[in-house]
Amino acid sequence: MDKAQKIFNPIWNDYLKNNPLVKSVYNSFIELGEEVVNDHIAFRTFNDPRINIDVLSKQFINAGYEFKGEYHFEQKKLYAKHFELAGFENAPRIFISELKLEEMSPFLRETALRLIDQIPTNILDSPELILKGRLWEKPSYKVYEQLRQESEYASWVYVFGFRANHFTISINSLQQLNSIEKVVNFLIDKGFEMNTSGGIIKGNPEGLLEQASITAGTIPVEFIEGDYDIPGCYYEFARRYEDKNGNLYSGFIAKSADKIFESTDYRKN
Ligand code: NI
């Protein structure tokens, strides 16, 4: 667990530092006296063999994580895997998704390859890759917009690169806000905007997993054309249930995750 914790600390610090909205959600839970435990941490990438899930998961595998499940998102052209730390029930799961470039337009594919070609080889081989952020040219707002028309996911990776896309608070570990309804009401009362795609609460107790998320707060980004505010990272909340054998469900539900991805979609203010 110590080895894994060393990986998480800089990722967590970067996530809080760059996303004031996330920090204020975190502070609201702490002010209430809750202990915040992470259900999972999610990362995004492209499926190019130099930076795909297998590459990004390497350092977690080295720290003792094991592959546990895979997920397909046909419409969004995404594939994902989740990993767990053997022997540590409270360790966050790691969820890594990748965009299937071969299914995208020539424009998107060529843009992604041009970006990946710019990553220094020593960083591609380094375990630090996952927390290096954007490792390519300063983004162009025009390109961002064009990518966004085809894939919100691709436009997010283009601007933000390698970093946590979101952390997820485990509702099972909360004392007062011990149901997803209580968490959602608490967040709405505090003025946070929820992702409503597919309903605020995704999943149900029968499915053994309930999830909700805030929409990503906009943060200023320097583009070639000037500064623009665009959605950064978000915070998610998950409540897990035991199956009929008394084992806590540990996987993910593609139908819910599909909607959670939309938490970073661009919105006009
Ligand atoms: Ni998630």
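Residues numbered from 1 in each chain as written. Predicted model: local features only at pLDDT ≥ 70, side-chain atom pairs only at ≥ 80, totals over all residues. Heavy atoms only, no water.

Q: Please clarify how the coordination of the nickel ion should be interpreted in this entry.
A: Octahedral metals with six donors have ideal donor angles of 90 or 180 degrees. Tetrahedral metals with four donors have an ideal donor angle of 109.5 degrees. Protein-derived ligands of the nickel ion are His-40 (NE2), His-166 (NE2) and Glu-236 (OE), with the metal-ligand distances lying across 2.0 to 2.1 Å. Motif for the nickel ion, donor spacing along one chain: H-x125-H-x69-E. Here the residue His-166 occupies a position in strand β5 (residues 166–170), and Glu-236 occupies one in strand β9 (residues 234–240), the gap between them amounting to 70 residues. Each member of the pair His-166 and Glu-236 is classed as buried. (Donors = N, O, S within 2.8 Å, 3.2 Å for Na, K, Ca; no water. Helix = DSSP H or I, 4+ residues; strand = E, 2+ residues; numbered from the N terminus. Buried < 20%, exposed > 50% of the residue type's maximum accessible area, 1.4 Å probe, protein only.)

Q: Please clarify how helix α3 (residues 53–62) should be interpreted in this entry.
A: Side chains three or four residues apart in an α-helix point the same way, a direct result of the helix having 3.6 residues per turn. Within α3, burial applies to Ile-53, Val-55, Leu-56, Ser-57, Gln-59 and Phe-60. Buried-residue contacts for α3 involve α1 (2–18), β1 (38–46), β2 (65–73), β3 (78–85), β4 (93–99) and α5 (121–124). Of the residues flanking the start of α3, the one acting as N-cap is Asn-52, its side-chain oxygen 3.1 Å from the backbone nitrogen of Asp-54. Positive phi shows up at Gly-64, right after α3, with a value of about 110°. (Contact = heavy atoms within 4.5 Å. Polar contact = N/O pair within 3.5 Å; in protein donor to acceptor, adjacent residues only side chain to side chain.)

Q: What is the right way to read the nonpolar core from this model?
A: Generally speaking, soluble globular proteins have nonpolar side chains that are buried together. Counting 88 residues, the largest nonpolar core has Phe-29, Tyr-235 and Phe-237 as its most contacted members. Sequence-distant contacts of Tyr-235, defined by excluding residues within four places in its chain, comprise Trp-12, Tyr-15, Val-22, Val-25, Tyr-26, Val-36, Phe-167, Thr-168, Ile-169, Ser-213 and Ile-214. (Core = buried A, V, L, I, M, F, W, Y, C linked by side-chain atoms within 4.5 Å.)

Q: In this structure, what is going on with the pattern of salt bridges? I would like to understand it.
A: Here the idea is simple: oppositely charged side chains can pair when their charged atoms come close. Applying the stated criterion to the full structure yields 16 salt bridges. As a salt-bridge pair, Lys-76 and Asp-258 come within 3.0 Å of each other at their nearest N and O atoms. Placement of the pair is Lys-76 in the loop between β2 and β3 and Asp-258 in helix α9 (residues 254–260), with a sequence separation of 182 residues. The closest approach of N and O atoms between Arg-148 and Glu-152, which form a salt bridge, is 3.5 Å. Beyond isolated ion pairs, a larger network of salt bridges with shared partners links Lys-76, Asp-258, Lys-259 and Glu-262. (Salt bridge = Lys/Arg side-chain N within 4 Å of Asp/Glu carboxyl O.)

Q: I keep staring at the packing of helix α2 (residues 20–31) against helix α8 (residues 180–189) and nothing clicks. Help me out?
A: What describes two packed helices is the angle between their axes and the distance between those same axes. Contact geometry of α2 with α8 gives a least axis separation of 11 Å together with a crossing angle of 115°. Crossing angle aside, the handedness with which α2 passes α8 is right-handed. Along the contact surface, α2 presents Val-25, Ser-28 and Phe-29, while α8 presents Val-183, Phe-186 and Leu-187. Looking at the contact of α2 with α8, its residues break down into five nonpolar, one polar and no charged. (Axes fitted to C-alpha atoms, helices over the stretch in contact; angles between N-to-C directions. Left-handed = near helix turned anticlockwise from the far one by under 90°. Nonpolar A, V, L, I, M, F, W, Y, C, P; charged D, E, K, R; others polar.)

Q: Help me understand unusual backbone geometry, please; the structure alone is not making it clear to me.
A: For residues besides glycine, phi is generally negative; the peptide bonds are generally trans as well. A positive phi angle, near 60°, is found at Lys-77, a position not held by glycine. Mapped onto the elements, Lys-77 comes out in the loop between β2 and β3. A relative accessible area of 27% means that Lys-77 is categorised as partly exposed. Non-glycine residue Leu-208 carries a positive phi angle of around 70°. Along the chain, the position of Leu-208 falls in the loop between α8 and β6 (209–213). We classify Leu-208 as buried; its relative accessible area is 19%.

Q: Looking at this structure, I do not really get the pairing of strand β8 (residues 226–231). What am I missing?
A: Note that strand β7 (residues 218–223) and β8 share six bridges and pair antiparallel. What sits directly across from Thr-218, in β8, is Pro-231. Linking β7 back to β8 in an antiparallel pair, the connection comprises two residues. (Pairing = 2+ DSSP bridges.)

Q: Hey, could you run me through the environment of Gln-5 in this one?
A: Secondary-structure assignment places Gln-5 in helix α1. Taking relative accessible area as the criterion, Gln-5 reaches 33% and is therefore assigned partly exposed. Distance in space between the C-alpha atoms of Gln-5 and Lys-76 is 31 Å, their sequence separation being 71 residues.

Q: Sorry, what's going on with empty space enclosed by the protein here?
A: On inspection of all chains with the given rule, the structure shows two cavities of 30 Å³ or more. Elements represented by at least two residues in the lining of the largest cavity include exactly β1, β9 and α9. In terms of residue class, the lining of the largest cavity is built from seven nonpolar, three polar and one charged. Roughly 40 Å³ of volume is contained in the second largest cavity. (1 Å grid on protein atoms, 1.4 Å probe; cavity = no way out; pocket = protein on both sides within 12 Å on 5 of 7 lines; lining within 4 Å. Points joined across faces, edges and corners; volume = space filled by probe spheres on them.)

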